[in-house]
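The primary structure of each chain is shown beneath.
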Amino acid sequence: MQIRQKGAVVLMLCQFFLLAALVLSMTSATAVFSQYKKVQSEAEYRKRFWLVEAGLECAFALFASRSVEKRGSIKQLTSRCDLPANLEVTWVLETEKGEENYLITSTIGRLSLSQRLIVYEKPVYRVIWLKGSWRDFE
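Predicted model only: the values in this text are computed from it and were never measured. (Residues numbered from 1 in each chain as written. Predicted model: local features only at pLDDT ≥ 70, side-chain atom pairs only at ≥ 80, totals over all residues. Heavy atoms only, no water.)

Peer 1: Residue-level account of the overall build of the protein, with values.
Peer 2: Helix and strand counts for the protein stand at 2 helices and 5 strands. Listing every helix and strand of the protein by position from the N terminus yields α-β-α-β-β-β-β. The buried share among the 138 residues of the protein stands at 26%. For the protein, the share of sequence-separated contacts (at least 6 apart) that also reach a separation of at least 24 residues comes to 33%. Surface accessibility of the protein: about 10400 Å² in total, with carbon and sulfur atoms responsible for 60%. (Helix = DSSP H or I, 4+ residues; strand = E, 2+ residues; numbered from the N terminus. Buried < 20%, exposed > 50% of the residue type's maximum accessible area, 1.4 Å probe, protein only. Contact = heavy atoms within 4.5 Å. Areas by Shrake-Rupley, 256 points an atom, 1.4 Å probe, with all protein chains shown as cover.)

Rendered as structure tokens:
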């Protein structure tokens, strides 16, 4: 007795197409997930970058208002700038040619930015960012 199988080829083709669709959808889902994680990481980095830059700007404002000592950190002055507690801003005085040259470093976790500023006492008190530091506006 011989059994004739009808539709076996169609069943195999359907199974193959379903398997191909599954592989493509899994590949697509993996790509979307990795892209999502990349965007999330970039957003977190930008957030930390702007917080670190805010620390530099806060230090500049404190120097301009004569609210800082020659050496130190901004820990005691964080409430004046609304900075987060995990942001660390320090400065070091380097005197060159009668100018007060400060190296200001702002750090959150592993992200750190440094910038130099000069404080001129005479004839008029003024504070400027040093050319050649990480950004120049001129």
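Peer 1: Kindly report on the nonpolar core, identifying the contributing residues and their values.
Peer 2: One finds Phe63, Tyr102, Ile104, Leu117, Val119 and Val127 to be the most contacted residues of the largest nonpolar core, which totals 23 residues. Listed by contribution, the elements that provide at least two residues to this core are helix H1 (8–64), strand S2 (88–96), strand S3 (99–108), strand S4 (111–120) and strand S5 (126–129). Setting aside its immediate chain neighbours within four residues, Val119 contacts Phe63, Glu100, Tyr102, Tyr125, Arg126 and Val127. (Core = buried A, V, L, I, M, F, W, Y, C linked by side-chain atoms within 4.5 Å.)

Peer 1: I'd like a description of the pattern of salt bridges, backed by residues and values.
Peer 2: Applying the stated criterion across every chain yields a total of 1 salt bridge. Across the salt bridge formed by Arg46 and Glu42, the nearest N and O atoms sit 3.3 Å from each other. In this pair, Arg46 and Glu42 both sit in helix H1, 4 residues apart, roughly one turn of the helix. (Salt bridge = Lys/Arg side-chain N within 4 Å of Asp/Glu carboxyl O.)

Peer 1: Talk me through the confidence of the model for the protein; I want residue IDs and the actual numbers.
Peer 2: Counting all residues, the mean pLDDT for the protein is 81, and 83% of those residues have values of 70 or more. Mean pLDDT values for the elements of the protein range from 62 in strand S1 (residues 72–73) up to 90 in H1. (pLDDT = per-residue confidence, 0-100.)

Peer 1: Give me H1: which residues, what numbers.
Peer 2: For H1, spanning 57 residues, the distance from its first C-alpha to its last is 84 Å, which sits close to the expected 84 Å at 1.5 Å a residue. Among all positions in H1, only Phe49, Val52, Glu53, Gly55, Leu56, Cys58, Ala59, Phe60, Leu62 and Phe63 are buried. (Expected span 1.5 Å × (residues − 1).)

Peer 1: Residue-level account of the packing of aromatic side chains, with values.
Peer 2: In total, this model carries 5 aromatic pairs according to the counting rule given. Between the aromatic rings of Phe16 and Phe17, the centroid separation amounts to 5.8 Å while the plane-to-plane angle is 55°, which identifies the pairing as tilted. As far as the burial class goes, Phe16 and Phe17 line up, both exposed. Aromatic pair Phe49 and Trp50: ring centres 5.4 Å apart, planes at 80°, arrangement edge-to-face. By relative accessible area, Phe49 is classed as buried at 14%. The structure contains a cluster of three or more aromatic residues connected by ring pairs, namely Tyr45, Phe49 and Trp50. (Phe/Tyr/Trp six-rings, centres within 6.5 Å; stacked < 30°, edge-to-face > 60°.)

Peer 1: Please provide a residue-by-residue account of the side chain of Asn101, values included.
Peer 2: Relative to the assigned elements, Asn101 resides in strand S3. Beyond its immediate sequence surroundings of up to four residues, Asn101 is in contact with Val92, Leu93, Glu94, Glu96, Arg116, Leu117 and Leu130.

Peer 1: Any details on the pairing of S4? Residues and values, ideally.
Peer 2: In terms of strand pairing, S3 meets S4 through 9 bridges, oriented antiparallel. Bridge pairing in S4 places Thr105 opposite Ser114. Here S4 runs beside S5; their pairing, made up of 4 bridges, is antiparallel. Counted as the bridge partner of Val119 is Val127 from S5. (Pairing = 2+ DSSP bridges.)

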